[in-house]
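Below, each chain spelled out in residue letters.
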Amino acid sequence: MNAYYSALSGWLIPITRAMKSFDIDPVETLERFGISPSEVNDPEGRVCVQSMGNVFAYCNNKVGNRVFNIEVANSFHPSVLHALGYAVQSAYSLQEAMERVAQYKRVVSNCCNMYAFEEGEDDFVADFEVYRYSDSGRQVLTPHMIEAFLATLVKLSRDIVGRDFKPIKIQYNFDSLGLGDNCDVVAEFFDCPIEYNCERNAVVMDGEIARSQAFGSNPVMNQLHLDVLNKFMCRVDKTNLSYQIENRIVEELPLGAPSQSDVAKQLGLSLRNLQRKLSDQGTCYKDILESTRKRLTMNYIKQPHLSISEIGYLVGFSNVANFNRAFRRWQGCAPGEYRHRYLSSNSLTETCRH
């Protein structure tokens, strides 16, 4: 039996906007394929991806030449992805934004994994691994849906680093026949080589651009959105214990780092049961505590109104010396030195001048 695959109902917003731009009736079309139009009003709802795939096929058949896929991307707004959209918009860099999408992929859908990583010396890759149905081996998302999502990542990248952003290349793991005829609108939108029959679905981009400070970088707002996002994930993905633990750690850190036993008790689990469940998920409490402290620290260090000692206490260190040692382990320098480099950096200034 195949699993039930779904996507966040927010995706219906750009899809219905794209329909309207081509004079396709959204209500009639959604109902035709078993999707209630009222789903648009539920920001935390889920929609069957098989039904969404049928909508894409229908609309592409009416419009032709893959133009509908690009119009869905052009109609994208950050609110589509709940708090993840705003966390991405306020990220320090495009690289951090893509890492956030990969980390919180369950917000987007349960149909795929996404990996964001540096490749070679110069490239940064957003790799989109789509699950397959167990009975047929067919990808859960149709080629049209995959193209629309990769186009959305490119649209999102342009919102973050500038409208002139273009990928190095787009890669699909299927034949071009799965999408129909080549289209000038698609070529113009991506403005880069499009490769088919690859081993992955991916957006390959310039690593230097991906690492540069983004226009909308805002560590204060980013932290607020991530806090909302973690609470949301606790509701939509109750099977992922890591989100539950991270939430507890964030709440307790200003009072000192909570012990594994304390967190287990708060979650109604025995210590051994907690350790076993985390092991099944390929992680452990120490790693979650470390990554949570590091994530919070890297947000706080970019906020000049917080002193170094305040940041240390906020992330659960009892004294500044211990915090300094941890920071050196994470970044290879003292927190004060890192902050000075960050605040005096002119990379964004230089970008704005040109």
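## Thoughts on the pattern of salt bridges
Here the structure, examined in full by the defined rule, presents 10 salt bridges. Note that aspartate 191 and lysine 166 form a salt bridge whose closest N and O atoms lie 3.9 Å from each other. Taken as a pair, aspartate 191 in the loop between α9 (184–190) and β6 (194–195) and lysine 166 in the loop between α8 (143–161) and β5 (169–171) lie far apart in primary sequence, 25 residues in all. Residue lysine 166 is classed as partly exposed on the basis of its relative accessible area, which comes to 47%. A salt bridge links arginine 276 to aspartate 280; the shortest N-O distance between them is 3.5 Å. Of this pair, arginine 276 and aspartate 280 both sit in helix α14 (residues 271–280), 4 residues apart, roughly one helical turn.

## Section: the nonpolar core
Counting residues in each nonpolar core, the largest one holds 82 residues, and the members touching the most others are Trp11, Ile15, Met98, Leu150 and Phe190. A total of 11 residues in this core trace back to one element, the largest contributor, which is α8. Those residues in contact with methionine 98, other than ones at most four positions away along the chain, are Met114, Ala116, Phe124, Ala126, Leu153, Leu156, Ser157 and Met205. Of all hydrophobic cores here, the second largest spans 25 residues; its members include Leu253, Tyr285, Ile301 and Ala326.

## Focus on the confidence of the model for the protein
The predicted model of the protein has a mean per-residue pLDDT of 88, with 95% of residues at 70 or higher. The least confident element of the protein, judged by mean pLDDT, is helix α19 (residues 347–353) at 41; the most confident is strand β7 (residues 201–206) at 97. Predicted confidence for residues 348–354 stays below pLDDT 50, and this span has 5 contacts to residues more than four positions away or in other chains.

The rules behind the values
- Residues numbered from 1 in each chain as written.
- Predicted model: local features only at pLDDT ≥ 70, side-chain atom pairs only at ≥ 80, totals over all residues.
- Heavy atoms only, no water.
- Salt bridge = Lys/Arg side-chain N within 4 Å of Asp/Glu carboxyl O.
- Helix = DSSP H or I, 4+ residues; strand = E, 2+ residues; numbered from the N terminus.
- Buried < 20%, exposed > 50% of the residue type's maximum accessible area, 1.4 Å probe, protein only.
- Core = buried A, V, L, I, M, F, W, Y, C linked by side-chain atoms within 4.5 Å.
- Contact = heavy atoms within 4.5 Å.
- pLDDT = per-residue confidence, 0-100.

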